[in-house]
Every structure is written in structure tokens, then in C-alpha cells.
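If you want the building blocks of each chain, they are given just below.
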Amino acid sequence: MEKSVSSIINYEVYVYQNYTWDLLGRYPSEQRAKAIEYAKSIENSERKPTKVVRETYDLDTQTFQEALVYLSEIPKPQPRKSSPYENSVIPTTIRRPGPKKSHLTEGVIMIFLSIIFAIMTAGMITAIALRFMSSIGFTARDISGQFVLGMFTFFFLIISIPTAIKWVNWDNLLGENEEEKKEQNPLYPSSSQDEFKYSKRELYEIGDEKYLPDSFSSGFVRRLFDMFDVLMGRKTLRQRIEEAKAAAEKEQQLEEEKEKAEEEARKKQEEEEAKAAAEKERQLEEERRLLEQAEAEEQSAMSIQTEEDPLEISAISENPVTVHTVIPPELEKDYLIMTSFLSIILRVLQEKNTLLNTYARFGIELFLAGACEQLCTTKSLSKQSNRTMLSGLLELLGRASTLAELFYDKIEEYMLEPKYLPVIENGAKSMEIYLNNKSSPELISLIQVTMTSWLNPNKKEMITSGIYTIMFTDIVSSTHMTQTLGDRLAQQLIHRHNTIVRQALNTCGGEEIKQTGDGIMASFMWASNAIDAAIAIQKAVSAYNHESPTVPLEVRIGLNAGEPIVENNDLFGLTVQIASRVCGEANKNQIYVSSVVKELAAGKNYTFTPLGEFKLKGIDTPQTLYEVIWNEEKPKKNPPAKKDRKKTKEPPVERDFSETLPEL
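Residues numbered from 1 in each chain as written. Predicted model: local features only at pLDDT ≥ 70, side-chain atom pairs only at ≥ 80, totals over all residues. Heavy atoms only, no water.

## Structural notes on the overall build of the chain
Regarding its fold elements, the chain presents 22 helices and 13 strands. Counting over 664 residues, the chain shows a buried share of 41%. Taking the intrachain contacts of the chain between residues at least 6 apart in sequence as the baseline, contacts between residues at least 24 apart amount to 71%. (Helix = DSSP H or I, 4+ residues; strand = E, 2+ residues; numbered from the N terminus. Buried < 20%, exposed > 50% of the residue type's maximum accessible area, 1.4 Å probe, protein only. Contact = heavy atoms within 4.5 Å.)

Here is the structure:
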């Protein structure tokens with residue numbers, strides 16, 4: 001009946017900044033609403049997109065799964081898409097700001113300077129070419145005057161045309177009307193301050209309709225560049241710009257489609273979660289309605305409960321009207337065992353002056369369900385026999401026959417609830433103790449602990465003085481595990497250890513006192529319960545390691561009994577210190593107990609291996625320790641390391657659990 005947690009769920013909050021998702025915080029599974037609220041607060045305060053992702057780590061398969069829980073409606077800022085021609089030199093006809101000059105004078109001067117520059121440069125190149133020809137064997141007779149003139153003219157044209165285009169403002173020289181340009185193109189600069197407000201990249205990304213009008217020089221240069229691109233076998237500048245625009249539009253469309261798909265997935269997941277929550281609420285409402293119906297039928301069928309004597313079992317058992325289930329003759333003996341077990345439960349509750357209301361009866365019914373199943377398992381009875389006996393017991397408690405059968409059908413569903421499962425498991429444990437020894441004090445203790453926890457789930461009972469058995473658990477080599485596996489996986493193993501220990505405490509009637517970093521300190525009223533819990537912990541750890549051998553969990557346990565000091569719901573004193581030292585002496589997967597625990601558990605079916613006397617750190621008197629053999633296949637021999645420790649005067653290096661660590 002043991003229920004184990006197979007996955008760990010966290011909710012992570014992200015914010016979109018600097019064109020990437022950054023993690024802001026992580027919340028446990030029960031704080032989903034808090035994570036979403038935090039994401040919305042960041043979204044409203046900083047006006048940045050946020051999202052909440054549910055991360056599920058499967059401890060069995062050791063894999064992570066993520067699901068989008070919340071995504072803000074604020075769009076993500078798009079990164080600026082750089083053009084492949086952003087840094088290219090694009091010729092334009094925009095005038096640079098400066099003092100206004102006469103169009104004709106400026107144009108003539110620039111033409112004259114261009115011609116002078118072209119003549120000088122062409123002459124120099126021609127002279128260099130003639131000298132080169134002379135050096136390779138050509139004579140003055142071989143080079144005619146027409147050839148030299150043609151060479152000079154060729155170089156002159158090659159240099160003068162680009163220079164004139166580059167230096168001369170042909171628009172001003174030809175006297176084009178700028179007012180007409182402003183009317184035809186609203187993007188044309190209207191003043192000297194606006195002449196450079198459009199960058200080169202913007203001029204080519206405006207589009208065909210808003211493209212600056214081609215002047216004589218700019219159109220000629222653009223076509224000259226286009227011809228050069230064609231001769232080089234590549235696409236023209238305009239074609240490349242259009243392809244870049246198309247690629248950017250396609251990328252933006254894909255991004256919009258991706259965001260739309262994420263939004264649809266988020267809405268679908270929210271709808272599924274809302275539907276599941278509504279279904280669970282409906283089931284709880286149905287269960288509540290059935291309980292109220294049962295209470296109404298009970299009040300109308302019998303009036304045997306009073307405030308002075310709420311647990312009069314004789315009045316219940318003597319009323320034949322409410323019993324409809326017929327017990328077969330072959331089950332009468334087993335049914336008598338169950339009715340005697342029920343009378344013990346009611347007597348314990350009567351001593352505590354517990355009012356048998358609907359909620360208390362439901363807890364008793366869960367307890368009986370576990371006990372009845374344990375009895376049927378021990379006696380090898382069928383499920384139908386289990387149904388018959390449990391229905392008869394529930395009718396004794398006031399349930400109608402149809403509701404009693406419905407309760408049996410929902411037992412498996414109740415076992416999935418963390419609140420109901422410990423009650424059912426403790427019922428099975430109590431029946432096992434009852435079949436072995438009907439007068440066992442452990443039976444009364446387990447019934448009291450279970451029903452007290454059921455009736456007061458949020459109330460932690462104050463620890464009173466008396467003899468207690470103290471347990472310490474510790475994860476072996478936790479520091480090395482953190483360095484090897486990392487903080488995240490090491491913390492998940494600690495959570496697995498805590499889950500296993502707490503399930504054993506619930507089953508065996510133990511109470512968690514505090515966490516010790518990578519271990520737990522607990523107390524028990526009975527030494528046998530503490531040993532049972534320690535054995536259950538080691539078996540559960542062994543089963544987990546068998547399922548997940550790649551990341552094993554190794555635990556050691558130490559037990560000591562005595563009368564500790566009680567203060568602020570905590571335990572102190574020599575008893576606690578010895579228990580901590582005993583745990584430190586144990587190796588991985590071992591259970592060490594003091595001689596006091598062994599004597600208190602005398603007569604029980606436990607196997608103890610004597611280890612000799614140990615000189616514990618801070619303890620003057622040597623302590624005799626024993627190992628509890630929980631795995632019969634394990635060889636029963638003393639670890640040599642412990643024998644060596646006993647002979648040495650120096651205390652062994654260990655963890656000091658007596659120092660109170662902050663509770664996680």
C-alpha cells in the first residue's frame with residue numbers, strides 16, 4: 001500500500017529582456033498561483049513579456065518535461081534586422097549643408113577642377129605606361145604619336161567621367177526646380193537641417209513608391225552599378241534589397257505563427273487544468289453530498305448518540321434495523337475479529353472524549369478499510385469477502401448499505417489522496433499488530449496517533465516528558481554528492497530522502513522533530529516502532545536504488561532511547577547527542593542502535609549484531625552499539641573500520657547533528 005512520489009514539479013518564472021528569456025524565480029508545485037501572480041506583477045511594473053513554465057522531473061526515468069502555464073500578452077520586441085547593404089557606400093544626390101553658392105559658378109569650377117585632375121592623372125599614367133613599354137624592349141620608333149594620344153585619351157575618359165560625376169552637382173548645374181521635387185516626393189529634405197535625416201539604409205528600404213527620385217547623376221551611377229553587378233554575374237542592388245525584405249517578412253511571419261501556436265497551447269493547457277480542477281471539485285462535492293446523506297439517514301434511522309455518551313458501541317451493535325449485509329457462516333469468525341478490533345478503536349476514542357461526528361466516522365472507516373484488507377491478505381480471503389465484512393462494519397457505524405458498498409468501490413481512489421493514505425496504511429499496520437498480540441501497547445499508541453492526526457491535521461501535538469526513542473537519518477557523502485551531481489539533482493535526492501522518511505514516520509507512528517540539513521531527526525514513543533521505521537526507510541531506499549541505479553541514494557540511521565529535555569517542540573540533552581553520534585558511526589545502508597534501544601525492543605523479531613564498545617565524540621562513557629540486520633541476504637559481520645575505531649583514542653570524523661540547523 002506504500003505510495004511513492006514519482007515526480008517533482010516546479011513552476012519557473014521567466015522575463016523576456018535583451019532578446020532572450022531570463023529566469024527570475026522557481027516555485028514548488030503547491031505555489032502555482034503565486035508564480036503566476038509574480039509574473040503578472042513583473043509584467044505590469046516593468047512592461048516586459050513574462051511567462052510561467054511548469055517543469056516536471058520524473059524520478060523514475062530521470063527526465064525533465066516543460067509545459068507553458070502562463071504567457072503575457074505583451075509582444076516581444078523584435079531585434080533590428082541588419083541589411084546586408086547597411087554598411088555599403090550608396091551614392092546619393094543629397095547636398096551637404098554649407099553656405100549657398102551660385103549653381104553655375106560652383107558647377108563650372110568643379111568641372112574645371114575635374115578636367116585638370118583628369119589631365120594630370122592621365123598624363124602620369126601614360127608616362128608610366130611608356131616607360132614600362134621601353135623597359136620591355138619597345139623603342140620610340142615602335143610607338144607612334146597616335147598610339148600615345150589614344151592612350152592618353154583613354155585614361156583621361158576613364159578618370160574624368162567618374163570624377164565629374166562624383167564632384168559636380170549636376171542637379172544644381174542643370175537648374176532643376178526643387179519645389180517640384182518637394183511636391184512630387186514628400187520625403188525630399190525641405191531644409192538644410194533635414195538633408196541628412198534619412199540614412200543611406202532608410203533610402204533603400206522605403207519602397208518603390210516612396211523612393212527618392214532619380215536625378216541625372218544618381219540614376220546614372222545606380223545604372224552603372226547595376227551594369228557592374230550584371231557583368232560580375234550577380235543580382236543587382238535593388239534585387240538584393242527586395243530579397244532581404246522578403247526574407248525579413250518571412251521571418252517575422254514565422255515568429256508570429258510561433259507565438260500564435262504558443263498562445264493556443266497555453267490556452268488549451270489552461271482549459272485542461274480548469275476542467276480537471278472542476279472535475280475534482282465535482283467529485284469532492286459528490287463525496288460531501290453522500291456523507292451528508294449518510295448522516296441524515298443515520299439521524300432518521302437511529303437516535304443512539306448523545307453528547308454525554310457519543311461512542312456507545314452497544315447501542316450501535318444491538319440495533320438490527322441498520323444492518324442489511326448478511327455475513328456468511330464461513331466469515332463469522334473473521335467478522336468477529338473485525339468487530340472486536342472496531343470496539344478497541346471506539347474505546348480509545350471514548351477515553352479521549354472524541355465526538356463521533358461524520359468526519360470522525362469517515363476516518364474510522366478509512367482505518368477499518370486498511371485493517372480489513374490486511375486481515376483478508378493474512379487469511380487469504382477473496383475481495384468479495386473483504387467487501388462483505390467492510391460493508392457490515394460500515395453499517396454498524398451508521399452507513400446505509402448502498403453507501404457502504406460505494407465506499408468499498410472508492411477505496412483505491414482514496415488511496416491516491418495524501419491525506420487518506422496514512423490512515424489506511426496505519427489501519428493495516430494495526431491489524432497486523434492485533435493478530436500477533438491483541439494486548440500490545442503499540443496497537444493503542446498507533447490508533448491514538450492516527451486518529452489524533454486525522455482529527456487535528458493542522459495541530460502539532462506538544463511533546464511531553466517521558467522516555468522516547470530518538471532517530472537520526474543522514475545521507476552519506478552528501479557534500480561529495482552535491483559536487484558531483486550539482487545542486488539541483490542533489491536537492492532532488494534530498495527531497496526523495498525526506499519523502500521516504502516521512503512516509504515511514506506516518507506508517508510507524510513517529511513524529512518529525514526537525515531537519516538537519518541532509519537528514520531528519522524524529523521521535524517515537526515505542527522503540528519497536530522506531531526500528532520498524534528504520535527498516536522501512538532502508539527497504540524503500542533500496543527499492544529506489546534498484547529503480548534508479550545511476551544516481552543512488554545512500555542513508556545511514558542511528559537510534560537511542562532515553563528521557564530528553566523538552567523545550568519549544570524540540571528535544572535536547574544527552575539522549576539526543578548519543579543518537580546523533582550513533583548515526584555518525586554507521587556506514588551507508590546500516591542501522592545502528594544503542595544498548596538501551598535493544599533492551600526496549602527485547603522479545604521482538606529483530607536480528608541484532610553486536611559491534612562492541614565505541615568511544616563516541618563528547619561522550620565520556622563508552623557505548624555498546626548493535627547493528628539491526630534489515631536485509632537477511634546481507635552477511636552478518638562487523639565492519640572492520642568500526643573495530644579499528646573502537647581501539648583508537650581519537651574520535652572518528654563525523655557529522656555533528658546536535659547542532660540545530662535552520663529548518664528548511
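## Comments concerning the sheet that holds strand S1 (residues 7-17)
Judged by pairing direction, the sheet is antiparallel, and its 4 strands sit side by side in the order S2-S1-S3-S4 without closing on themselves. Every other strand in the sheet has two partners, leaving strand S2 (20-28) and strand S4 (63-71) as the edge strands with one partner each. For this sheet the average axis-to-axis angle between neighbouring strands, irrespective of direction, equals 30 degrees. (Pairing = 2+ DSSP bridges. Axes fitted to C-alpha atoms, helices over the stretch in contact; angles between N-to-C directions.)

## Describing the packing of helix H15 (residues 421-436) against helix H16 (residues 441-455)
Interhelical geometry of H15 versus H16 gives an angle of 165 degrees and a closest axis separation of 9 Å. It follows that H15 is roughly antiparallel to H16 by the angle criterion. In this structure, H15 meets H16 at a crossing whose hand is left-handed. Touching Val 423, Asn 426, Lys 429, Ser 430, Ile 433 and Tyr 434 of H15 are Glu 442, Leu 443, Leu 446, Ile 447, Thr 450 and Trp 454, all from H16. In terms of residue class, the contact of H15 with H16 is built from 7 nonpolar, 3 polar and 2 charged. (Parallel < 35°, antiparallel > 145°, perpendicular 65-115°, else oblique. Left-handed = near helix turned anticlockwise from the far one by under 90°. Nonpolar A, V, L, I, M, F, W, Y, C, P; charged D, E, K, R; others polar.)

## Brief notes about the sheet that holds strand S6 (residues 511-515)
The 7 strands are arranged S6-S7-S5-S8-S11-S13-S12 in an open sheet whose pairing can be described as mixed. A single partner strand is all that each edge strand has here, and the edge strands are S6 and strand S12 (608-614). Geometrically, the sheet is characterised by an average inter-axis angle of 25 degrees between neighbouring strands, direction not taken into account. Bridge analysis of strand S5 (residues 468-475) against strand S7 (residues 520-524) gives 4 bridges, and the strand direction is antiparallel. Within the sheet, the bridge partner assigned to Thr 469 lies in S7 and is Phe 524. Strands in contact with helix H18 (residues 487-508) are S5, S6, S7 and strand S8 (555-562); relative to S7, the strand with the most contacts, it is inclined by about 5 degrees.

## Brief notes about the pattern of salt bridges
Across all of its chains, the model carries 15 salt bridges by this definition. Residue Arg 387 is joined to Asp 409 by a salt bridge in which the shortest nitrogen-to-oxygen separation is 2.7 Å. With Arg 387 in helix H12 (residues 383-396) and Asp 409 in helix H13 (residues 401-409), this pair connects stretches of sequence that are 22 residues apart. A relative accessible area of 46% means that Asp 409 is categorised as partly exposed. Bridged by salt links that share partners, the residues Glu 263, Arg 266, Lys 267 and Glu 270 form one connected network. (Salt bridge = Lys/Arg side-chain N within 4 Å of Asp/Glu carboxyl O.)

## Quick look at unusual backbone geometry
Unlike most non-glycine residues, Asn 18 shows phi in positive territory, near 55 degrees. Structurally, Asn 18 is set in the loop between S1 and S2. Note on Asn 18: relative accessible area 70%, which makes it exposed. Phi at Asn 589 is positive, roughly 65 degrees, even though this residue is not glycine. Residue classification places Asn 589 among the partly exposed positions, given a relative accessible area of 26%.

## Observations concerning the environment of Phe 117
In this fold, Phe 117 is placed in helix H2 (residues 103-135). Given a relative accessible area of 37%, Phe 117 falls into the partly exposed group. For the pair formed by Phe 117 and Thr 163, sequence separation is 46 residues and the distance between their alpha carbons is 8.4 Å. If near-sequence neighbours (up to four positions away) are discounted, Phe 117 is found in contact with Ile 159, Thr 163 and Trp 167.

## With respect to the side chain of Thr 473
Note on placement: Thr 473 falls in strand S5. The buried category is assigned to Thr 473, whose relative accessible area is 0%. Within the structure, the side chain of Thr 473 is placed 3.0 Å from the backbone nitrogen of Ile 520, a separation counted as a polar contact. (Polar contact = N/O pair within 3.5 Å; in protein donor to acceptor, adjacent residues only side chain to side chain.)

## A word on the nonpolar core
Within soluble globular proteins, side chains that are nonpolar tend to cluster in buried spots. In terms of nonpolar packing, the biggest core is built from 48 residues, with Phe 341, Ile 364, Leu 366, Leu 368 and Phe 407 touching the most fellow members. Of all the secondary structure elements, the ones that give two or more residues to this core are helix H10 (332-351), helix H11 (358-379), H12, H13, helix H14 (411-414), H15 and H16. Among the elements that make up this core, the one with the highest residue count is H11 (11 residues). Those residues within four positions of Leu 368 in sequence are excluded, and the remaining contacts are Met 338, Phe 341, Leu 342, Ile 345, Leu 390, Leu 393 and Leu 397. Ranked by size, the runner-up nonpolar core spans 39 residues in total, among them Ala 490, Phe 524, Ile 537 and Ala 561. (Core = buried A, V, L, I, M, F, W, Y, C linked by side-chain atoms within 4.5 Å.)

## Quick word on helix H19 (residues 527-547)
The end-to-end C-alpha separation of H19 is 31 Å, in line with the 30 Å expected for 21 residues at 1.5 Å each. In terms of burial, H19 is a largely internal element, 15 of the 21 residues being buried. (Expected span 1.5 Å × (residues − 1).)

## Some points on the pairing of strand S3 (residues 50-58)
Across the 9 residues of S3, 7 count as buried, placing the element largely inside the fold. The pairing of S1 with S3 spans 9 bridges and is antiparallel. Opposite Tyr 11, over in S3, you have Arg 54 as the bridge partner. Relative to S4, S3 runs antiparallel, the two being bridged by 8 bridges. Bridging across to S4, Tyr 57 finds its partner in Phe 64. Taking the residues that link successive antiparallel strands as the turn, the S3-S4 hairpin has 4 residues, and the phi of Gln 62 there is positive, at about 55 degrees.

## As for the pairing of strand S13 (residues 623-628)
Most of S13 is tucked away, with 5 of its 6 residues classed as buried. When strand S11 (residues 591-594) meets S13, the two strands line up antiparallel, connected through 3 bridges. Within the sheet, the bridge partner assigned to Ser 594 lies in S13 and is Leu 625.

## Brief notes about the packing of aromatic side chains
Tallied over the full model, the rule gives 16 aromatic pairs. With 5.1 Å between their ring centres and 65 degrees between their planes, Tyr 16 and Trp 21 make a pair best called edge-to-face. Exposure remark for Tyr 16: the relative accessible area of 10% places this residue in the buried category. A residue is classified by how much of its surface remains accessible, and Trp 21, at 24% relative accessible area, is partly exposed. Ring geometry for Phe 407 against Tyr 414: centres 5.4 Å apart, planes inclined by 50 degrees, an arrangement best described as tilted. Per residue, the accessibility class of Phe 407 equals that of Tyr 414, and both read buried. Through a chain of ring-to-ring contacts, the aromatic side chains of Tyr 359, Phe 362, Phe 407, Tyr 414, Tyr 420 and Trp 454 assemble into a single cluster. (Phe/Tyr/Trp six-rings, centres within 6.5 Å; stacked < 30°, edge-to-face > 60°.)

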